[in-house]
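# Coordinate inspection notes
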Amino acid sequence: MVYILFSLFIILLILFWILNLVGLPGNWLIVVLSLLWMLFGPESYETTWLTIAILIGLAALGEAIEFGTSVVGTKKMGGSGRGATLSVVGSVIGGIAGAILGLPIPIPLVGSLVGSLLFASLGAFIGAFIGEKWIGKSNPDSVKISTAAFLGRLFGTLGKLIIGSTMVVVAIIANFI
């Protein structure tokens, strides 16, 4: 039974990590799952408060990377608050659409991951473009700002995924130390 629970723990860690692709708080769900595992999991596997603190720090770092590269990058290029907000909305919609549209790619899981990442970035571009046009900016300015939103979302999500994968490894290894 213990092995089944630990396997379920690992599967949930990976599923929560994937949620980062569609703009959901996957890294924070990893923290919550690890905390629940520490409090209620089998005694043969022990997660410590130090592990939880490390996971919280990593999750906060992942958020800082994602926020720093997307919204701040867009604003630095002269983007408006409306453009930044619609960029976030567009990236969530795009990420979900990309996960669905990426399913036909024959490599399991890779299609959805790549689709989510690219479509979330494209959604950020479209959202920022609509937001900037809405407030009356020219097409060249809107494209420049939208390109920053696209790149910010792409690199922000990649950074958050790297941090999230580190969190998954820490959460698993902590049970054997």
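Presented here is an overview of the structure given in this document.

Among the nonpolar cores identified, the biggest contains 24 residues, and Phe9, Leu13, Ile30 and Met167 are the most heavily contacted of them. The set of elements that each furnish at least two residues to this core consists of α1 (2-18), α2 (26-40), α3 (49-76), α5 (110-134) and α6 (139-173). No other element matches the seven residues that α6 contributes to this core.

A cluster of nonpolar residues, Leu101, Val110, Val114, Leu118, Phe119, Leu122, Ile126, Ile130, Trp134 and Ile135, forms a patch on the protein surface that exposes about 900 Å² of accessible area. The element contributing the most residues to the nonpolar patch is α5, with eight residues. Tracing the backbone shows Ile135 in the loop between α5 and α6.

Attention now goes to the side chain of Thr157. Residue placement: Thr157 occurs in helix α6. Polar side-chain contacts of Thr157 include one of 2.8 Å to the backbone oxygen of Arg153.

Rules used in this analysis
Residues numbered from 1 in each chain as written. Predicted model: local features only at pLDDT ≥ 70, side-chain atom pairs only at ≥ 80, totals over all residues. Heavy atoms only, no water. Core = buried A, V, L, I, M, F, W, Y, C linked by side-chain atoms within 4.5 Å. Buried < 20%, exposed > 50% of the residue type's maximum accessible area, 1.4 Å probe, protein only. Helix = DSSP H or I, 4+ residues; strand = E, 2+ residues; numbered from the N terminus. Patch = residues over 30% accessible without salt bridge, like charges linked within 9 Å, V, L, I, M, F, W, Y side chains within 5 Å. Areas by Shrake-Rupley, 256 points an atom, 1.4 Å probe, with all protein chains shown as cover. Salt bridge = Lys/Arg side-chain N within 4 Å of Asp/Glu carboxyl O. Polar contact = N/O pair within 3.5 Å; in protein donor to acceptor, adjacent residues only side chain to side chain.

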